[in-house]
Structure formats: C-alpha cells, structure tokens
Amino acid sequence: MPFDLGDTVRLTAECRDPGGTLTNASAATLTITLPDGTTATPSVTNPPASAGEYRVDYPTVQAGRHGVRWLFTTPGAAFTDMFDVRAAAPPLILSLADGRRHLQIPAGDTAADEQMRGWLESVTELVESFCGPVVRRTVVDDYDIQRGGVPRLALRRVPVLSVTSAVEVLTGSPSYDAVALTVDSNGILRRLDGGLLHGLLRITYVAGRTVVPANLSSAARIILQHLWRTQYGASRALAGLGGGEDFAVTEPIAGFGYAIPNRAMQLMEPHRLPPAVG
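Residues numbered from 1 in each chain as written. Predicted model: local features only at pLDDT ≥ 70, side-chain atom pairs only at ≥ 80, totals over all residues. Heavy atoms only, no water.

A. Structural context of the packing of aromatic side chains. The final tally for this structure, using the stated rule, is four aromatic pairs. Geometrically, the ring pair formed by Phe 3 and Phe 83 is edge-to-face, given 6.1 Å between the ring centres and 90° between the ring planes. Here the residue Phe 3 occupies a position in the segment before β1 (8-14), and Phe 83 occupies one in strand β6 (residues 77-85), the gap between them amounting to 80 residues. Clustering of aromatic rings is evident, with ring pairs tying together Phe 3, Tyr 58 and Phe 83. In this structure, Arg 156 is placed above the aromatic ring of Tyr 143, and the distance from its NZ or CZ to the ring centre is 4.2 Å. (Phe/Tyr/Trp six-rings, centres within 6.5 Å; stacked < 30°, edge-to-face > 60°. Helix = DSSP H or I, 4+ residues; strand = E, 2+ residues; numbered from the N terminus. Lys NZ or Arg CZ within 6 Å of the ring centre and 35° of its normal.)

B. Examining the environment of Thr 60 more closely. Considering the arrangement of structural elements, one finds Thr 60 in the loop between β4 (53-59) and β5 (64-73). Along the primary structure Thr 60 and Asp 84 are separated by 24 residues, whereas in three dimensions their C-alpha atoms are 9.9 Å apart. Residues in contact with Thr 60, not counting those within four places in the same chain, are Asp 4, Leu 5, Gly 6, Asp 7, Val 9, Phe 83 and Val 85. Engagement of the side chain of Thr 60 in a polar contact is seen with the backbone nitrogen of Gly 6, the distance being 2.8 Å. (Contact = heavy atoms within 4.5 Å. Polar contact = N/O pair within 3.5 Å; in protein donor to acceptor, adjacent residues only side chain to side chain.)

C. Fine view of the pattern of salt bridges. According to the stated counting rule, one finds 16 salt bridges in the structure shown. Salt-bridge contacts for Arg 137 lead to Glu 128; the nearest nitrogen and oxygen are separated by 2.8 Å. Residues Arg 137 and Glu 128 agree in their burial class; the two are buried. Asp 193 is the salt-bridge partner of Arg 191, the closest N and O atoms lying 2.8 Å from each other. Arg 191 gets classed as partly exposed once you look at its relative accessible area, which sits at 22%. Via salt bridges that share partners, Asp 4, Arg 86, Glu 114, Arg 117 and Glu 121 belong to a single interconnected network. (Salt bridge = Lys/Arg side-chain N within 4 Å of Asp/Glu carboxyl O. Buried < 20%, exposed > 50% of the residue type's maximum accessible area, 1.4 Å probe, protein only.)

Set out below in structure tokens:
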C-alpha cells in the first residue's frame with residue numbers, strides 16, 4: 001500500500017536469536033535508501049518491555065520506491081523490506097468518493113479506501129494507455145531533430161494543452177521562446193513565424209484534458225468495478241459487482257486478457273489514440 005508524500009511511515013522489525021527467540025540486540029541500525037539514491041539512518045527505538053521489537057517513525061520527503069534494511073548486532077540478524085510513496089498529486093481519473101459511490105460502498109465504510117486508491121491509479125493508467133493523458137500533467141521530452149530542421153514536430157503525449165518551453169540540450173543549439181511557438185491539441189508544434197525547428201530540444205509541455213469526457217469517466221468506473229471483483233474470487237463475487245465469472249462481464253478481446261471489459265473499450269473508442277501515438 002503506497003503512502004502519501006508527507007505521511008509518517010511506521011517501520012518495524014524483530015530481532016531473533018538463531019533459535020528464533022525474540023531478543024534485544026547490542027546495536028540496531030535502520031538504513032532507508034530514498035528514490036534519489038541517498039540514504040537516511042533515523043534513530044531506532046526499542047519500546048520498553050518489548051524484547052527484540054524495534055520501531056522507527058519516518059516522515060517521508062520524497063515520492064517513489066524506498067528500500068529498507070535493518071541490521072542487528074549480537075545476535076547478528078538482518079531484515080530487508082521496501083515501501084512506496086505516492087507523488088504529491090498522483091493523476092487519478094476518478095475521485096475516491098466517485099469510486100466508492102460506484103461500488104455502492106456505504107459512506108461511513110472507509111476500511112478499503114487505501115486499497116481503492118491503488119486501484120484508481122491502475123485504472124487511470126489503463127484508460128490513458130488507450131486515450132492519452134486524461135489528467136493534466138507536465139511532460140518533459142527530448143527531441144533530436146535531424147540536420148536541416150523540420151517545419152513541425154509531433155509531441156509524444158497527446159492531447160496537448162500548452163507548451164511551456166523548448167530549450168537547447170547541446171551547447172550552441174537553438175532555443176525557442178514559448179510565445180514564439182504554437183501547438184494544437186493533437187500535439188503538432190510549429191513556430192509562429194513559419195520557420196524550421198532545429199537541434200536537440202528539451203520540450204516542456206502540458207498534456208491532458210481540461211474537461212474529462214463523460215465516456216472516459218464511465219469507462220473508468222466500469223474498469224474499477226471489474227477489477228475490484230478480484231478481491232472476492234469467483235465464488236464470493238457480489239451480484240452488484242457483475243456476477244461470479246469474468247465471462248459475465250466481458251468477452252475475449254484479441255491481444256488482451258480480462259483487465260478491460262468490452263463495454264469499457266467501446267466507451268473509450270471515440271477517444272482512442274491513432275496507431276503509433278502515445
């Protein structure tokens with residue numbers, strides 16, 4: 001279960017002797033490897049009357065995968081683990097409240113909220129893999145324009161809302177002011193003066209949609225409902241979640257498994273990316 005950036009994560013470990021009995025170590029060290037490769041070694045506590053039990057409350061400062069390594073001395077023991085931290089504003093096509101409402105979870109029942117947030121991230125990725133960015137985000141891409149230049153450049157992540165900058169990567173290469181460029185929703189970038197684009201450019205732009213189309217939101221709800229059933233198993237699937245078998249809500253789609261039902265695919269069809277885009 002990912003944590004939110006800024007959460008304090010409680011990390012725990014047990015030290016056992018070779019016979020498996022909980023015992024205090026002469027020294028206990030926790031090393032956390034952060035996503036940027038740096039490390040942190042916070043102070044470790046051993047609660048009173050809790051032989052062999054160790055704890056650290058770590059306030060998160062970076063988003064991404066964190067490595068965890070406990071090392072105990074006398075008796076010699078080690079333990080490794082990991083935890084993930086979400087970005088401050090992860091892209092989500094549906095709100096938690098929308099997902100809970102669609103799954104008919106009572107308003108006061110929040111036990112599965114964190115699990116659902118993970119599924120909502122997955123659903124967003126699925127929809128955007130077919131239809132391009134739905135949630136607004138900043139994209140930074142490098143484009144190597146061959147000698148001679150080009151009158152237009154197709155940005156990779158569409159739809160595009162705006163261009164922030166186009167700067168040189170190599171010394172001596174040209175840069176372009178954002179006000180001198182124009183881009184359409186299909187990601188076609190041009191110079192306003194009609195000139196050619198040159199060099200190795202690092203282009204920063206905003207992709208996504210200002211208004212999420214209703215059919216994409218509806219497709220996301222159907223995919224969420226479909227994936228949510230996996231926690232029940234076929235014999236326990238609730239009638240309100242579509243029945244007890246995958247075949248009750250989908251038919252095989254060439255090249256796909258069971259993650260996206262046909263009805264969701266049809267809802268996404270008007271916004272599907274053209275071949276070789278995305």
